[in-house]
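One-letter residues, chain by chain:
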Amino acid sequence: MNTISNTISIKSIYTDFKAITKAGLAISVVFSSIAGFMLGIPDFHSLDWMVLFKLAIGGYCMVGASNAYNQVIEKDLDALMDRTKNRPVPAGRMSPNLALVIASILTIVGIALLYTINPKTAMFGAISIFLYTSVYTPLKTMTSLSVFVGAFPGAIPFMLGWVAATGNFGIEAGTLFLIQFFWQFPHFWAIGWFLFEDYEKAGFFMLPTGKKDKGTALQIILYTVWLIIASLLPALGYTGQLFISHIAAFLVFLLGLWMLYYSVRLYKLRSAKAARTLMLVSVSYITLLQLIYIFDKFLR
């Protein structure tokens, strides 16, 4: 009986830890950092696996810390929404103090690991946590501009990998930042659309017009176009060491048209189903784009 209880206890701790750090989201963010890192190294032979390991673990800690702080701050609001009411803190499985301790430990470990790579990587990681928890989170109940503010920490991971690999922030890292920055808008506005009623319960302002209307849908289309343009910049030869071939650019353009199609479809249908589909397409877009960039670098 004790063995079963211990097993259940360990399993529940593990499950709650994944929930408090939003493991799925954290892993996708770490993937973006790894992609940026692979683009930043000169060639595959110069890959330092220890640095990559520290980037992955440190990156997870930073994202996990941000999410844990967020859930402490928003515990009362999370209890109002169906999608968040079963999280560890609002559900009462974890005390806010314990969540705060976990967040603090993750912050210290994350910054320390990233600092051993280089100081700039640690600095950008720390900026990301600060913006997410101290600026973006409070603004969510005040203004729809919170999505604009949240796009800054959300765009850091892709370029963070480049900074970790090179120790420099230049046109290359700036371009990677720009791509993921513009990607944030159609992605999170799509989420804000199909979860509009749930967000409304907590008083969150997630859509640019505050409504599921043509104005919001039109802005999603416009930011998707900006995303496509930003994604093709490395093909023009003006982004330093960050470059993609014409073949890769064509594939990225096709990806962009795919996402633009579903953005226009949301404009026409203005339904929760269309918004959910766009959200899934946007996740595929950024993942496939990063893979195309990486394969193009090492295969050309």
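Small disclaimer: the values here were computed from a predicted structure and weren't measured.

A. A look at the environment of Ser95. With respect to the helices and strands, the residue Ser95 is situated in the loop between α4 (75-78) and α5 (96-117). Judged by its relative accessible area of 37%, Ser95 is partly exposed.

B. A look at the packing of aromatic side chains. Throughout the structure, instances matching the rule amount to 20 aromatic pairs. A centroid spacing of 5.7 Å and a plane angle of 70° characterise the contact between Phe181 and Phe182, whose relative ring orientation is edge-to-face. For the pair shown, Phe181 and Phe182 are each scored as buried. These aromatic residues form a ring-pair network of at least three members: Phe148, Phe152, Phe177, Phe181, Phe182, Phe185, Trp189, Tyr223 and Trp226. The residue whose ring lies beneath Lys140 is Phe204, and the NZ or CZ to ring-centre distance is 4.6 Å. Between Lys297 and the ring centre of Phe298, over which it is positioned, the NZ or CZ distance is 5.7 Å.

C. Examining empty space enclosed by the protein more closely. For the structure shown, the criterion picks out one cavity of 30 Å³ or more. Taken as a whole, the largest cavity spans an internal volume of roughly 110 Å³. Around the largest cavity, the lining is made up of 15 residues, and of these Gly59, Met62, Val63, Pro157 and Leu160 lie nearest the centre. Taken together, the residues of the lining of the largest cavity sort by class into 10 nonpolar, five polar and no charged.

D. Representation of the layout of surface pockets. Here the largest pocket defines a volume of roughly 1100 Å³. The wall of the largest pocket is formed by 47 residues, among which Lys22, Leu25, Tyr132, His187 and Phe188 lie closest to the centre. Those elements giving two or more residues to the lining of the largest pocket turn out to be α1 (2-21), α2 (23-40), α3 (49-73), α6 (119-139), α7 (146-166), α8 (171-194) and α12 (272-299). With seven residues, the top contributor of residues to the lining of the largest pocket is α8. The class makeup of the residues in the lining of the largest pocket is 24 nonpolar, 16 polar and seven charged.

E. Looking closely at the packing of α5 against α6. Direction vectors running N to C along α5 and α6 enclose 150°, while the axes themselves pass 6 Å from each other. When the axis of α5 is compared with that of α6, the two are roughly antiparallel. Along its contact with α5, which presents Thr107, Ile111, Leu114, Tyr115 and Ile117, the element α6 presents Pro119, Thr121, Ala122, Gly125, Ala126 and Ile129.

F. Representation of helix α11 (residues 246-269) within the structure. Compared with an ideal rise of 1.5 Å per residue, which puts 24 residues at 34 Å, α11 spans 34 Å between its outermost C-alpha atoms and is within 8% of the ideal. Within α11, burial applies to Ala248, Ala249, Val252, Leu255, Gly256, Met259, Leu260, Tyr262, Ser263 and Leu266. In this fold, the buried residues of α11 make contact with α8, α10 (214-232) and α12. Arg270 occupies a position one or two residues after α11 and carries a positive phi of about 50°.

G. Focus on unusual backbone geometry. The phi dihedral of Lys22 falls on the positive side, at around 50°, and the residue is not glycine. Within the secondary structure, Lys22 sits in the loop between α1 and α2. The backbone of Arg270 sits at a positive phi, close to 50°, despite the residue not being glycine. Note on placement: Arg270 falls in the loop between α11 and α12.

Conventions and cut-offs
Residues numbered from 1 in each chain as written. Predicted model: local features only at pLDDT ≥ 70, side-chain atom pairs only at ≥ 80, totals over all residues. Heavy atoms only, no water. Helix = DSSP H or I, 4+ residues; strand = E, 2+ residues; numbered from the N terminus. Buried < 20%, exposed > 50% of the residue type's maximum accessible area, 1.4 Å probe, protein only. Phe/Tyr/Trp six-rings, centres within 6.5 Å; stacked < 30°, edge-to-face > 60°. Lys NZ or Arg CZ within 6 Å of the ring centre and 35° of its normal. 1 Å grid on protein atoms, 1.4 Å probe; cavity = no way out; pocket = protein on both sides within 12 Å on 5 of 7 lines; lining within 4 Å. Points joined across faces, edges and corners; volume = space filled by probe spheres on them. Nonpolar A, V, L, I, M, F, W, Y, C, P; charged D, E, K, R; others polar. Axes fitted to C-alpha atoms, helices over the stretch in contact; angles between N-to-C directions. Parallel < 35°, antiparallel > 145°, perpendicular 65-115°, else oblique. Contact = heavy atoms within 4.5 Å. Expected span 1.5 Å × (residues − 1).

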